[in-house]
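Residue-level structure breakdown
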Amino acid sequence: MNFLNGITILLIYQLAGEVSALLLHIPVPGPVLGMIMLFLTLLLRGNSIASVDHTSSALLSHLSLLFVPAGVGMITHFDRIISEWMPITVALVLSTMITLMVTAAIMQWSNHLLAKEVKKDG
Amino acid sequence: MADSDLASIWVYLSTSPLLGLTITLMAYSIAYRLYIYANANPLLHPVVTAVALLITFLLLTDTSYSAYFEGAQFVHFLLGPATVALAIPLYQQSAKLKKLWLPLLISLISGVTTGVLSAVGLAQLMGASLQTQLSLAPKSVTTPVAMGISEQIGGLPSLTAILVVVTGILGAIIGTRVFALMRITDDSVKGFAMGMAAHGIGTARAFQISEEMGAFSGLAMALSALATALMLPWLLSIIGVLS
């Protein structure tokens, strides 16, 4: 019953997210809006929901499985990957490296800058 | 006789969703065991092995992707509720969020902007087609969200799925070397950058190094999914890739 309650709540939030994305014309995937709504609900409640925790950890523990069907869809893009492998490879490798470096550098810098305040807050 | 029996069984199976679903789960469990056996080496990430096994199977049996997807869609469908479920790890990190909100917000916005603009910019510079650029744009975000974004902006969600996984593997492999070169020792900084660039695969790698690095990576992954979904259409219209 726990699993059923959990998945029902997740689906209700997804549905609410999909409907609001359509109604409000927000260019954000419906499930992301559902995630925001659930996060806000949890913040307002002040504690977690046992059945949702249970179902979420089941879903998230094998999250990788869920992208497999879409990944196999690569079979329909072989031509594109072969003809554009060079820009794709360069963009992936350099952009991943740049993102790692910029994020780490900026976080270190902003931590330094705000170190005193953080210390005051405990 | 046996041959024709087999042939008719195959005709039945190849039109039923049962086969697509079963081989997806089988391929994944083989891939997952291999990954655990290899001490969670990111090069043997289960998505890559499972996709390779399944593509080989489809090519050998001359099965179309749409016939396969009839069955696999039951797994694919769970991406939606799994995305909603990301609210839970985010909520579990809310104490850290409250305490460090300003540096995290600054790092988040700059990380998302860098990730999106560098990917699209480099792809454009190297002459990639518009659809490939759009499919690359959400590459640093966790797969279900990246696919949703890709679909929304006119990219190819299934190409995005693969690009996201490759990005995660790259990040997991080069991350620790980049941090060593930059002489960064703070696990919270390393974790946040890892999650920002390499989502769940980077997070799995971060948890191997330390609990703190993993927690911050998970936090960055959840925050960047949110921020990228909100910022990406706007970022792309600024650089004129989307109108």
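Computed from a predicted model, the values in this text were never measured in an experiment.

**Concerning the overall build of chain A**
Counting its regular elements, chain A contains seven helices and zero strands. Written out in order from the N terminus, the α and β elements of chain A read α-α-α-α-α-α-α. The C-alpha atoms of chain A give 21 Å as radius of gyration, which overshoots the globular expectation for 122 residues (14 Å, by more than 25%). Counting only C-alpha atoms and orienting by the principal axes, one finds that chain A spans roughly 50 × 50 × 35 Å. Each of the 122 residues in chain A was classed as buried or not, and the buried ones make up 43%.

**A few points about the nonpolar core**
In this structure, A:Val32, A:Val68, B:Ala50, B:Ala87, B:Val165, B:Ala193 and B:Ala225 are the most contacted members of the largest nonpolar core, which totals 110 residues. Setting aside anything within four residues of it in sequence, one finds B:Val165 in contact with A:Phe67, A:Gly71, B:His45, B:Val47, B:Val48 and B:Thr143.

**Considerations on helix α8 (residues 101-125) of chain B**
Note: α-helices contain 3.6 residues per turn, so residues at a spacing of three or four share the same orientation. A rise of 1.5 Å per residue sets the reference length of α8(B), with its 25 residues, at 36 Å; its end C-alpha atoms lie 35 Å apart and thus fit the reference within 8%. Looking one or two residues past α8(B), B:Gly127 carries a phi angle of roughly 85°, positive in sign.

**Details of the interface of chain B and chain A**
With 91 residues of chain B at the interface, the matching set in chain A holds 66 residues. Counting residues per element, the side of chain B that touches chain A draws most heavily on helix α11 (residues 157-181) of chain B, at 15 residues. A per-class count over the side of chain B that touches chain A returns 63 nonpolar, 24 polar and four charged.

**Quick look at the domain arrangement of chain B**
Residue and element names in this part refer to chain B. Splitting chain B by domain gives domain 1 (2-77) and domain 2 (84-238). The gap between the C-alpha centroids of domain 1 and domain 2 is 28 Å. Of the residues lining the interface, six residues belong to domain 1; the matching set on domain 2 comes to eight residues. Within the side of domain 1 that touches domain 2, the residues separate by chemical class into five nonpolar, one polar and no charged.

**Brief notes about the packing of helix α1 (residues 2-24) of chain A against helix α2 (residues 30-45) of chain A**
Residues and elements named next belong to chain A. Where α1 contacts α2, the axes come no closer than 7 Å and their chain directions differ by 120°. Classified by the angle their axes make, α1 and α2 are oblique. When the axes of α1 and α2 are compared, the crossing they make is right-handed. Across from Tyr13, Gln14, Ala16, Gly17, Glu18, Ser20 and Ala21 in α1, the residues of α2 making contact are Gly30, Pro31, Val32, Leu33, Gly34, Met37 and Leu38. Residues belonging to the contact of α1 with α2 are distributed by class as follows: eight nonpolar, five polar and one charged.

**Digging into the confidence of the model for chain A**
When the pLDDT values of chain A are averaged, the result is 88; 93% of them are 70 or greater. Looking over chain A, one finds the lowest element-wise mean pLDDT in helix α7 (residues 115-121) of chain A, namely 57, and the highest in helix α6 (residues 85-113) of chain A, namely 94.

**Digging into the domain arrangement of chain A**
The domain architecture assigned to chain A consists of domain 1 (1-61) and domain 2 (72-122). Averaged C-alpha coordinates put domain 1 of chain A and domain 2 of chain A at centres separated by 27 Å.

**Some details on the environment of A:Gly6**
As for its position among the elements, A:Gly6 is in helix α1. Expressed as a C-alpha distance, the spacing of A:Gly6 and A:His25, which sit 19 residues apart in the sequence, is 28 Å.

**A few points about unusual backbone geometry**
Residue and element names in this part refer to chain B. Unlike most non-glycine residues, Arg183 shows phi in positive territory, near 55°. For Arg183, the position within the fold is in the loop between α11 and α12 (187-209). In this model, His199 sits at a positive phi of 35°, which is unusual for a non-glycine residue. Mapping His199 onto the fold places it in helix α12.

**Side note on the environment of B:His76**
As for its placement among the helices and strands, B:His76 is situated in helix α4 (residues 65-77). The spacing of B:His76 and B:Leu86 is 10 residues in sequence and 16 Å in space, taken between C-alpha atoms.

**As for the environment of B:Thr15**
Its location among the elements puts B:Thr15 in the loop between α1 (2-14) and α2 (17-37). Distance in space between the C-alpha atoms of B:Thr15 and B:Glu70 is 8.6 Å, their sequence separation being 55 residues.

**What about the packing of α1(A) against helix α3 (residues 50-61) of chain A?**
All names here are of chain A. As a packed pair, α1 and α3 sit with axes 7 Å apart at the nearest point and diverge in direction by 85°. Comparing the axis directions of α1 and α3 gives the class roughly perpendicular. For the pair formed by α1 and α3, the contact residues are Asn2, Phe3, Asn5, Gly6, Ile7, Ile9 and Leu10 on the first element and Ser51, Val52, His54, Thr55, Ser56 and Ala58 on the second. Residues that form the contact of α1 with α3 fall into these classes: six nonpolar, seven polar and no charged.

Basis of the calculations
- Residues numbered from 1 in each chain as written.
- Chains lettered and ligands numbered in written order.
- Predicted model: local features only at pLDDT ≥ 70, side-chain atom pairs only at ≥ 80, totals over all residues.
- Helix = DSSP H or I, 4+ residues; strand = E, 2+ residues; numbered from the N terminus.
- Rg over C-alpha atoms; globule rule 2.2 N^0.38 Å.
- Buried ≥ 20, exposed ≤ 12 C-beta atoms within 10 Å, placed from the backbone.
- Core = buried A, V, L, I, M, F, W, Y, C linked by C-beta atoms within 7 Å.
- Contact = placed C-beta atoms within 7 Å.
- Expected span 1.5 Å × (residues − 1).
- Nonpolar A, V, L, I, M, F, W, Y, C, P; charged D, E, K, R; others polar.
- Domains from an automatic or database assignment.
- Axes fitted to C-alpha atoms, helices over the stretch in contact; angles between N-to-C directions.
- Parallel < 35°, antiparallel > 145°, perpendicular 65-115°, else oblique.
- Left-handed = near helix turned anticlockwise from the far one by under 90°.
- pLDDT = per-residue confidence, 0-100.

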